[in-house]
Amino acid sequence: MLEISNKEARHLMLASQGLTGNSFGNKKEGTLNAIEHLGYVQIDTISVVERAHHHTIWTRVNDYKKSYLDELVETDKTVFEYWSHAAAFLPMRDYRFSLYRKNLFATGKLKWYFNKRATKFVYDRIVAEGPLQSKDFEEKKKKQGWWEWKESKRALEQLFIEGKLMVAKRQGFQKVYDITERVLPAGVNTKAPTEKEYAEYLVTKTIRANGLAANNEIGYLRRHSKTAISKVLKEMEEKELILPVKLKGVNEILYTSQQSLDLASKQKATKTVSILSPFDNCVIQRTRLKRVFGFDYTIECYVPEPKRQYGYFCLPMLYGDNFAGRIDCKAERSEQVLYIKNVFYEKKADEKLKAALGKALKKFAAFNGCKEVKGI
């Protein structure tokens with residue numbers, strides 16, 4: 001069994017996450033490479049700073065523009081929206097693996113919402129009229145007394161979660177739905193995976209994206225059989241497709257791959273600061289973050305204000321191969337100013353860290369459409 005130090009584990013994870021160098025390339029090509037490698041990029045509506053999906057990609061891709069993601073979804077159709085552990089952009093090459101969850105909802109094994117009359121009404125309108133948004137159903141409450149606006153929105157989400165509708169694009173961040181047959185590009189594999197195939201996909205994707213993964217992290221919020229994942233882990237280990245790892249100070253067995261080790265050996269951590277989204281793939285599993293990096297992070301927008309320690313939307317600050325602190329900031333786009341309310345360092349900051357943070361904040365401000373950085 002391979003034994004690694006905590007420092008080696010940090011580097012392996014950061015290299016696998018594309019946070020130690022320009023691993024994915026530039027512009028639109030780099031954007032697609034990043035999404036395909038990570039397996040998903042989480043979508044979030046909070047816009048204190050640029051939304052999570054753009055923020056996560058920008059951190060990893062040089063010269064990233066929001067239009068690249070729009071083009072990949074709308075024009076190229078190499079990326080689509082669905083659920084990972086949360087709402088996310090996913091690579092179209094993995095489309096068939098979304099069918100596992102969709103079929104569970106379609107057959108009622110997982111519950112979301114169900115109203116046959118509402119879903120039929122919504123689906124039939126989209127078939128007949130073409131792509132529609134939820135707001136396009138608002139007037140139906142006036143024309144048909146039985147109809148309730150909230151029901152149509154639930155019906156849209158039910159059809160989406162079952163896979164009968166897809167998000168063709170977004171307008172002003174609002175979803176535009178169309179029937180799946182009109183959104184999917186030609187040639188996409190639509191054969192639903194078996195339980196074993198789905199487990200293999202989860203194992204491979206998780207290790208590729210994170211470098212290291214424990215059994216209970218692989219099915220994280222995916223409601224997939226732990227037994228199926230355990231069986232696949234054993235089979236893949238026997239075939240030497242994955243490698244068991246012992247991390248010092250951790251009782252749990254972790255897994256990696258030779259590809260992940262080779263990638264990490266080619267990358268070097270630099271003493272630069274990366275300002276991450278609270279929903280970034282690197283930090284979303286808080287237990288893993290604390291175990292490997294010793295960084296105890298909680299997003300506090302969901303915490304009552306009197307109980308917040310750091311602020312509504314503090315951003316994790318990566319410095320080299322460790323987390324150096326968090327930043328409470330807000331982009332006031334109308335003023336073109338990025339306001340820094342506070343910076344919380346994990347340890348006393350030296351001048352090199354402060355200088356690196358200053359450079360990072362200037363870049364982050366520009367990404368957020370701001371020309372100035374004000375505050376601490």
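Data block above holds the structure.
Residues numbered from 1 in each chain as written. Predicted model: local features only at pLDDT ≥ 70, side-chain atom pairs only at ≥ 80, totals over all residues. Heavy atoms only, no water.

1. Focus: the overall build of the protein chain
1) Next: In terms of regular secondary structure, the protein chain is built from 15 helices and 14 strands.
2) Next: Relative to the 2.2 N^0.38 estimate, which gives 21 Å for 376 residues, the radius of gyration of the protein chain is 22 Å and therefore close to what a compact globule would have.
3) Next: Viewed in the frame of its principal axes, the protein chain has a C-alpha envelope of about 65 × 60 × 40 Å.
4) Next: For the protein chain, buried positions account for 53% of its 376 residues.
5) Next: Contacts in the protein chain between residues at least 24 apart in sequence constitute 64% of all its contacts with a sequence separation of at least 6. (Helix = DSSP H or I, 4+ residues; strand = E, 2+ residues; numbered from the N terminus. Rg over C-alpha atoms; globule rule 2.2 N^0.38 Å. Buried < 20%, exposed > 50% of the residue type's maximum accessible area, 1.4 Å probe, protein only. Contact = heavy atoms within 4.5 Å.)

2. Structural notes on the side chain of H37
1) Next: By the element assignment, H37 lies in helix α2 (residues 27-38).
2) Next: Look past the residues within four positions of H37 in its chain and what remains in contact with it is S16, F24, R93, R208, A209 and L263.

3. Regarding unusual backbone geometry
1) Next: Here the phi dihedral of E240 falls at roughly 60°; this positive angle occurs in a residue that is not glycine.
2) Next: Residue Q336 is not a glycine yet carries a positive backbone phi of 60°.
3) Next: Mapped onto the fold, Q336 is located in the loop between β12 (322-332) and β13 (337-345).

4. As for helix α10 (residues 195-210)
1) Next: Along its 16 residues, α10 runs 22 Å from first to last C-alpha, staying within 8% of the 22 Å computed at 1.5 Å per residue.
2) Next: When α10 is considered as a whole, its buried residues turn out to be Y198, A199, Y201, L202, V203, K205, T206, I207, A209 and N210.
3) Next: In the segment just after α10, G211 is the residue with positive phi, at about 80°. (Expected span 1.5 Å × (residues − 1).)

5. Focus: the sheet that holds strand β10 (residues 273-275)
1) Next: Judged by pairing direction, the sheet is mixed, and its five strands sit side by side in the order β10-β11-β12-β13-β14 without closing on themselves. Of all strands in the sheet, those with a lone pairing partner are β10 and β14 (372-375), marking the two edges. Sheet twist, expressed as the mean angle between neighbouring strand axes with direction ignored, is 35°.
2) Next: Here β10 runs beside strand β11 (residues 314-319); their pairing, made up of three bridges, is antiparallel. What sits directly across from I275, in β11, is M317. (Pairing = 2+ DSSP bridges. Axes fitted to C-alpha atoms, helices over the stretch in contact; angles between N-to-C directions.)

6. Observations concerning the pattern of salt bridges
1) Next: What the rule picks out here adds up to 21 salt bridges.
2) Next: The salt bridge partner of E235 is K196, with a shortest N-O separation of 3.3 Å. Highlighted residues: E235 in helix α12 (residues 226-238) and K196 in helix α10, separated in sequence by 39 residues.
3) Next: A residue is classified by how much of its surface remains accessible, and K196, at 41% relative accessible area, is partly exposed.
4) Next: Among the salt bridges present, the one from R291 reaches E252, with a minimum N-O distance of 3.3 Å. (Salt bridge = Lys/Arg side-chain N within 4 Å of Asp/Glu carboxyl O.)

7. Section: the packing of helix α1 (residues 6-16) against helix α13 (residues 258-265)
1) Next: Where α1 contacts α13, the two axes come as close as 9 Å, and the packing angle between them is 95°. As far as their axial angle goes, α13 and α1 are roughly perpendicular. Residue-level inspection shows H11, L12, A15 and S16 of α1 in contact with α13, the latter providing S260, L261, L263 and A264.
2) Next: The residue makeup of the contact of α1 with α13, split by class, is five nonpolar, three polar and no charged. (Parallel < 35°, antiparallel > 145°, perpendicular 65-115°, else oblique. Nonpolar A, V, L, I, M, F, W, Y, C, P; charged D, E, K, R; others polar.)

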